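Observations on chain architecture
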Amino acid sequence: MHADLLQRIASEEALWSAWDEVRGARGAPGVDGVTVHAFARGAEAELRRLGDEIASRRYRPRPLRRVWVPKQGKEDEYRALSIPAVRDRVASGAAKEVLEHLFEPRFHDSSYGFRRGRGTLAALRRVIRLRDQGMHWVARADVDQFFDSVHQRLLFARLKELLPWQVRRLLLLWTRTHVHDGADRFRIVRGVPQGTPTSPLLANFYLTPFDEHLESEGVRAVRYVDDLAALARTEHEARGALAAMTAGLAPLGLELNRKADPVRSFEQGFEFLGFELVGRAVRVAPSKLLEFRRHALTVLEAPRGGSMRRRVALLNRMVRGWRAYYRAGVPREQFRELDGWLEERVREATLRMWAERGADRRSLELAGLESLASPGRRLFQPPRPPGIEGYAYRIPLEGDDERSRVCGVRTGERLAAVDSGACRVVRSDGSSVPVPPDARAVVVADGAVCEAEALRRLLERGTALRFVAAVAPAPEP
């Protein structure tokens with residue numbers, strides 16, 4: 001019945017579809033150092049060769065490159081991530097796409113991780129539905145070292161019921177492969193490598209008997225791969241659900257990694273999948289907010305992090321990832337608050353870099369940081385009043401106080417020059433705008449901050465800027 005599965009995995013259609021996903025996700029190179037961009041230059045020939053190797057059973061994956069990344073919300077704990085070569089990501093992705101329709105009917109309704117049409121928000125909605133049905137207690141736990149603890153022999157014994165040997169052999173090549181971890185090289189003999197496209201599929205398949213056990217015990221659970229939440233009407237029932245979880249994992253050779261306080265009520269609040277649920281409120285979990293702030297500060301304060309433009313680009317990737325993950329799940333006020341915090345940190349870092357690099361360096365850009373609360377809007381760019389080309393901001397210069405004033409705001413035109421005294425900006429039509437002699441900074445419409453001397457250098461190089469404002473000390477009362 002499934003004799004043609006290997007040919008379907010090796011088909012141009014499946015490989016090109018998988019390649020489109022790999023190219024869209026980009027990602028790091030594998031152990032061979034081939035980047036997605038480099039693979040793209042010869043993609044047509046590479047995919048044809050890959051298809052021939054899979055169909056003729058000559059395909060052999062390259063070793064995995066292991067990297068260690070911090071566990072979410074845990075500063076001192078790391079998890080191993082195994083990065084396949086680009087060609088192996090394509091092959092594994094094609095297998096996932098072809099095999100999904102065989103696995104899906106066997107998955108339990110309580111499973112939400114890495115399944116089409118499901119995800120974190122769907123899992124969260126199920127938790128909320130169960131809460132609204134009167135289940136106000138929850139048992140929270142996760143499977144201890146799950147991806148490293150899967151028994152391969154047990155997994156592939158169960159796969160015999162579903163897949164022909166040619167496809168099982170292909171999955172085994174990706175599961176029982178070699179790993180390069182720095183100078184060390186070893187073969188995986190237990191677990192499934194976290195980072196390959198087929199790993200979530202195999203993980204959900206392996207845990208399906210556990211899901212069925214919980215249902216047989218009357219436990220109302222929500223599982224996102226190895227992260228578990230069981231809801232109950234009373235504290236006693238929740239503790240019984242915790243015992244049922246332990247019993248259901250034992251035949252699979254797995255154990256629970258219990259939380260410090262695994263049973264809690266909605267009134268007390270708990271975290272699940274990066275959200276905090278307290279009463280009827282749903283918010284971003286405090287541990288996630290702390291993680292976001294730490295990561296942002298790491299980007300902004302890295303001694304060799306590059307220009308501010310590059311740092312802002314990295315922050316924007318974080319912002320887009322957060323927006324995509326949380327989207328409709330949390331109140332916008334939290335994102336607005338985080339927008340304000342991020343804006344201030346970028347402003348401070350920009351001014352610090354400007355002071356360290358001196359006035360003879362090019363100006364550093366503040367603009368370009370994306371908003372969490374309002375997709376499509378850039379921070380530092382509030383709505384423009386009619387006829388106004390740029391904006392004035394209170395710039396927290398060293399030694400400033402609340403009495404500092406912003407002066408010289410006007411509708412913008414292209415600037416032609418700054419006079420030799422650096423106290424007057426000349427417009428292209430010959431008219432000029434004064435810059436106060438005591439101004440410590442000039443702000444231009446792209447958000448850049450620079451001294452008048454630096455502004456003159458920019459204009460001498462032909463840089464097109466629009467003058468907005470100068471920041472000067474407030475007059476003595």
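Notes on the structure in this doc start here. Within every chain, residues take consecutive numbers counted from 1 along the sequence as written. Side-chain atom pairs in this predicted model are given and counted only at pLDDT of 80 or more, local residue features only at pLDDT of at least 70, and totals for whole chains, interfaces and linings cover all residues. Here the side-chain values reflect all heavy atoms present in the structure, with hydrogen atoms and water set aside.

Things to note about the packing of helix 8 (residues 152–159) against helix 10 (residues 199–216)
Put simply, the test is: Here an axis means a line fitted to C-alpha atoms, over the contact stretch when the element is a helix, while the angle between two N-to-C directions is reported on a 0 to 180 degree scale. Secondary structure elements follow DSSP: runs of H or I of four or more residues count as helices, runs of E of two or more count as strands, with numbering from the N terminus. With respect to orientation, any angle under 35 degrees is reported as roughly parallel, any angle over 145 as roughly antiparallel, any angle of 65 to 115 as roughly perpendicular, and every other angle as oblique. By definition in these notes, contact holds between two residues if any of their heavy atoms fall within 4.5 Å. When residue character is reported, Ala, Val, Leu, Ile, Met, Phe, Trp, Tyr, Cys and Pro are called nonpolar, Asp, Glu, Lys and Arg charged, and the others, Gly included, polar.
For the pair helix 8 and helix 10, the least separation of the axes is 11 Å and the interaxial angle reads 85 degrees. Taken together, helix 8 and helix 10 sit at an angle that is classed as roughly perpendicular. On the side of helix 8, the interface is formed by Leu154, Leu155, Arg158 and Leu159, while helix 10 contributes Leu202, Phe205, Tyr206, Thr208 and Pro209. Class assignment of the residues belonging to the contact of helix 8 with helix 10 gives a composition of 7 nonpolar, 1 polar and 1 charged.

Notes on the pairing of strand 10 (residues 275–278)
To keep it simple, the criterion reads: In short, DSSP must find at least two bridges between two strands for them to pair.
Across 3 bridges, the pairing between strand 9 (residues 270–272) and strand 10 is antiparallel. From the neighbouring strand, Glu271 faces strand 10, where its bridge partner is Glu276. If you look at the hairpin formed by strand 9 and strand 10, you'll find 2 residues sitting between the two strands, and Leu273 has a positive phi there, around 55 degrees. As paired elements, strand 10 and strand 11 (residues 281–284) share 4 bridges and run antiparallel to each other. Looking at the pairing, Glu276 lines up with Arg283 of strand 11. Between the end of strand 10 and the start of strand 11, which pair antiparallel, lie 2 residues, with Gly279 showing a positive phi angle near 60 degrees.

Comments concerning a positive patch on the surface
As a reminder of what qualifies: For patches, a residue must show more than 30% relative accessible area and have no salt bridge; joins then use 9 Å for like charges and 5 Å for nonpolar side chains, namely Val, Leu, Ile, Met, Phe, Trp and Tyr. The accessible surface values rely on the Shrake-Rupley method and a 1.4 Å probe; as for residues, cover is taken only from the protein chains in view. The term salt bridge refers to a side-chain nitrogen of Lys or Arg lying within 4 Å of a carboxyl oxygen of Asp or Glu. When charges are counted, Lys and Arg are positive and Asp and Glu negative, with His and the chain ends excluded. Charged side chains are reduced to one point each, which is NZ for Lys, CZ for Arg, CG for Asp and CD for Glu.
A cluster of basic residues, Arg153, Arg176, Arg185 and Arg187, forms a positive patch at the surface. Secondary-structure assignment places Arg176 in the loop between helix 9 (165–175) and strand 4 (178–181).

Description of the side chain of Arg323
Tracing the chain through its elements places Arg323 in helix 13 (residues 308–326). Residues in contact with Arg323, not counting those within four places in the same chain, are Glu370, Ser371, Leu372 and Pro375.

Remarks on the pairing of strand 3 (residues 137–143)
What counts, and what does not: Relative accessible area decides the class of each residue, using a 1.4 Å probe on protein chains only: under 20% of the type maximum gives buried, over 50% gives exposed, and in between gives partly exposed.
The buried count for strand 3 comes to 6 of 7 residues, which makes it a mostly enclosed element. The sheet contact formed by strand 3 and strand 7 (residues 227–232) spans 6 bridges and is antiparallel. Within strand 7, the position partnered with Asp142 by the bridge is Asp227.

Examining the pattern of salt bridges
Applying the stated criterion across every chain yields a total of 18 salt bridges. We note a salt bridge from Arg62 to Asp32, for which the minimum N-O separation is 3.5 Å. Separated by 30 residues along the polypeptide, Arg62 in the loop between helix 4 (43–55) and strand 1 (64–70) and Asp32 in the loop between helix 2 (12–25) and helix 3 (36–41) bring together distant segments of the chain. The exposure class assigned to Arg62 is partly exposed, which follows from its relative accessible area of 32%.

What about unusual backbone geometry?
Unlike most non-glycine residues, Phe114 shows phi in positive territory, near 55 degrees. Turning to its location among the elements, Phe114 is positioned in the loop between helix 5 (86–103) and helix 6 (120–132). Positive phi, close to 55 degrees, is recorded for Val225, a residue that is not glycine. Along the chain, Val225 falls in the loop between strand 6 (220–224) and strand 7.

Notes on the environment of Val127
With respect to the helices and strands, the residue Val127 is situated in helix 6. A C-alpha to C-alpha distance of 9.5 Å links Val127 and Arg220, two positions 93 residues apart in sequence. For Val127, the contacting residues outside a window of four places in its chain are Val222, Leu231, Phe266, Phe270, Phe272 and Leu277.

Quick notes on the sheet that holds strand 10
On the basis of which strands lie adjacent, the open sheet formed by 3 strands has the order 9-10-11 and antiparallel pairing. A single partner strand is all that each edge strand has here, and the edge strands are strand 9 and strand 11. The average angle at which neighbouring strand axes cross in this sheet is 30 degrees, direction not considered. Where helix 6 meets the sheet, its contacts fall on strand 9, strand 10 and strand 11, and the angle it forms with strand 10 comes to roughly 10 degrees.

Points about the packing of aromatic side chains
Given two aromatic rings, their pairing is described by the distance between the two centres and the angle made by the two planes. Filter applied, for reference: For Phe, Tyr and Trp, rings pair up if their centres lie within 6.5 Å, where Trp contributes its six-membered ring, and each pair is then called stacked (planes under 30 degrees apart), edge-to-face (over 60) or tilted (otherwise). In this scheme, the term charge over a ring applies when either NZ of a lysine or CZ of an arginine sits within 6 Å of the ring centre and within 35 degrees of the ring normal.
According to the stated counting rule, one finds 13 aromatic pairs in the structure shown. When the ring of Phe103 is compared with that of Phe205, the centres are 5.3 Å apart and the planes differ by 85 degrees; the resulting orientation is edge-to-face. Taken together, the residues Phe103 in helix 5 and Phe205 in helix 10 connect sequence positions 102 residues apart. For the pair Phe103 and Phe205, a shared accessibility class is recorded, and that class is buried. Taking 5.9 Å as the distance between ring centres and 50 degrees as the angle between the ring planes, the aromatic pair formed by Phe114 and Tyr224 counts as tilted. Taken together, the residues Phe114 in the loop between helix 5 and helix 6 and Tyr224 in strand 6 connect sequence positions 110 residues apart. For Tyr224, a relative accessible area of 17% gives the class buried. Taken together, the ring pairs connect Phe275, Phe292, Trp322, Tyr325, Tyr326 and Phe335 into an aromatic cluster. Here the basic side chain of Arg158 rests over the ring of Phe205, its NZ or CZ set 4.3 Å away from the ring centre.

Considering the packing of helix 5 against helix 9
Rules: Helix crossings get a hand from a simple test, with the near helix turned counterclockwise from the far one by less than a right angle marking a left-handed crossing and a clockwise turn marking a right-handed one.
With their axes 11 Å apart at the nearest point, helix 5 and helix 9 run at an angle of 135 degrees to one another. Here helix 5 lies oblique to helix 9, going by the angle between them. Our pair here, helix 5 against helix 9, has a crossing hand that is left-handed. For the pair helix 5 and helix 9, contact is made by Asp88, Ala91, Ser92, Ala95 and Leu99 and by Val167, Leu171 and Trp174, respectively. Partitioned by chemical class, the residues of the contact of helix 5 with helix 9 number 6 nonpolar, 1 polar and 1 charged.

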